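Inside the fold
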Amino acid sequence: MKKEDGSTGPRPRKSARVALQAEVQLRRTGQHHYRVNVFDISPEGCKLEFVERPRLDETVWVKFDGYDAIQSSVCWVEGHSAGIEFERPIYPAIFERIVARLSD
């Protein structure tokens, strides 16, 4: 959903997100990994704070400590925050471990 200021709002979610405050690694095409804040997560995606405003539909890779990077795409943008959708949902058991680790 496009707003007057050019930002886009969230799409309807497939499942509830778990609120948290943590850091993950992010990589954008042609750049090195860097740490960013993650504010919530679901098996299908998460909300991140970007250093530089991302483009809608931009491909990014998010890496949770101890797991392989997950290819994702930016599905909404508001300022420097953005929602990303994982290419494939995270398996439930892995998702629970990631949430437990990020919540510590």
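Below: a short report on this structure.

Analysis parameters
- Residues numbered from 1 in each chain as written.
- Predicted model: local features only at pLDDT ≥ 70, side-chain atom pairs only at ≥ 80, totals over all residues.
- Heavy atoms only, no water.
- Core = buried A, V, L, I, M, F, W, Y, C linked by side-chain atoms within 4.5 Å.
- Buried < 20%, exposed > 50% of the residue type's maximum accessible area, 1.4 Å probe, protein only.
- Helix = DSSP H or I, 4+ residues; strand = E, 2+ residues; numbered from the N terminus.
- Contact = heavy atoms within 4.5 Å.
- Expected span 1.5 Å × (residues − 1).
- Arc of directions from axis to C-beta.
- Disulfide = S-S within 2.5 Å.
- Pairing = 2+ DSSP bridges.
- Axes fitted to C-alpha atoms, helices over the stretch in contact; angles between N-to-C directions.
- Polar contact = N/O pair within 3.5 Å; in protein donor to acceptor, adjacent residues only side chain to side chain.

Considerations on the nonpolar core
Proteins that are soluble and globular tend to have nonpolar side chains buried together. In this structure, L48, F64 and I84 are the most contacted members of the largest nonpolar core, which totals 25 residues. Those elements giving two or more residues to this core turn out to be β1 (18–28), β2 (34–42), β3 (45–49), β4 (59–63), β5 (70–78), β6 (81–86) and α1 (92–103). Setting aside residues no more than four positions away along its own chain, F64 makes contact with V24, I41, I70, F86, I90, I98 and L102.

A closer look at α1
The end-to-end C-alpha separation of α1 is 16 Å, in line with the 16 Å expected for 12 residues at 1.5 Å each. Those residues of α1 not exposed but buried are F95, I98, V99 and L102. Looking straight down α1, one finds its buried side chains confined to an arc of 100°; they lie on one side. Taken together, the buried residues of α1 touch β1 and β2.

Considerations on the state of the cysteines
Summed over the entire model, instances satisfying the criterion amount to zero disulfides. Cysteine C46 is unpaired, with the sulfur of C75 as its nearest cysteine sulfur at 9.3 Å.

Quick word on the sheet that holds β3
One closed barrel accounts for six strands, arranged β1-β2-β3-β6-β5-β4; its pairing is antiparallel. Along the sheet, successive strands turn relative to each other by an average axial angle of 45°, direction set aside. Bridge count for β2 against β3 is four bridges, and the pairing is antiparallel. If you follow D40 over to β3, its bridge partner there is K47.

Section: the pairing of β1
Judged from the seven bridges that link them, β1 and β2 form a sheet pairing that is antiparallel. Within β2, the position partnered with E23 by the bridge is N37. Where β1 folds back onto β2 in an antiparallel hairpin, the turn is made up of five residues, including G30, whose phi is positive at roughly 80°. Sheet topology places β1 next to β4; four bridges connect them, and they run antiparallel. For Q25, the partnering residue across the bridge sits in β4 and is K63.

Describing the side chain of S81
By the element assignment, S81 lies in strand β6. Apart from the residues lying within four places of it in its own chain, the contact partners of S81 are K47, L48, E49 and W76.

Focus on the side chain of D40
Here D40 lies in strand β2. Among the polar contacts listed, one links the side chain of D40 to the side chain of R17, at a separation of 3.1 Å.

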